[in-house]
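Residue-level structure breakdown
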Amino acid sequence: IKAIVCVAEEVRRITIEGKVAPEKVHTIYGGVHPEEFDPAIESLPVKRELGIPDEAPVVGIVANFDGKKAHSLFFEGAAQIMKQVADVRFLVVGR
């Protein structure tokens, strides 16, 4: 093995504990740069295309639903939010 790339320090730590030489294990963080998203972008066309009322708040998740992460927490949170926020919508994108 020349190198292993991890997406978080915790993954790096676990990999090293699995007997991989630390100098071969590198972390490159995934994620999104918030400056790439302009809050002034008009969302109404997308909401209308999806049949979401104009004023409805939208909460979303984009993920790979392979069972390795606790995505069920999103759905548990959604259930709690639905009790408190009228007309909220949830979008789930992934595979």
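Residues numbered from 1 in each chain as written. Predicted model: local features only at pLDDT ≥ 70, side-chain atom pairs only at ≥ 80, totals over all residues. Heavy atoms only, no water.

By the definition in use, this model includes two aromatic pairs. Ring geometry for Phe-74 versus Phe-75: centroids 5.4 Å apart, planes at 85 degrees, classification edge-to-face. Ring centres of Phe-74 and Phe-90 lie 6.0 Å apart, and the angle between their planes is 85 degrees; on these two criteria the pair is classed as edge-to-face. In this pair, Phe-74 is assigned in helix H3 (residues 72–84) and Phe-90 in strand E4 (residues 89–94), connecting sequence segments 16 residues apart. Given a relative accessible area of 22%, Phe-90 falls into the partly exposed group. (Phe/Tyr/Trp six-rings, centres within 6.5 Å; stacked < 30°, edge-to-face > 60°. Helix = DSSP H or I, 4+ residues; strand = E, 2+ residues; numbered from the N terminus. Buried < 20%, exposed > 50% of the residue type's maximum accessible area, 1.4 Å probe, protein only.)

We now examine the side chain of Thr-15. Here Thr-15 is to be found in helix H1 (residues 9–17). Under the relative-accessibility criterion, Thr-15 is labelled buried at 18%.

Right, let's talk about the pairing of strand E3 (residues 58–63) for a bit. Strand direction decides the pairing type here: E3 and E4, joined by six bridges, are parallel. Paired with Ala-63 across the two strands is Gly-94, which belongs to E4. In the classification by handedness, the crossover that spans E3, the intervening H3 and the parallel E4 is right-handed. (Pairing = 2+ DSSP bridges. Right-handed = clockwise from strand over helix to strand, strands pointing away.)

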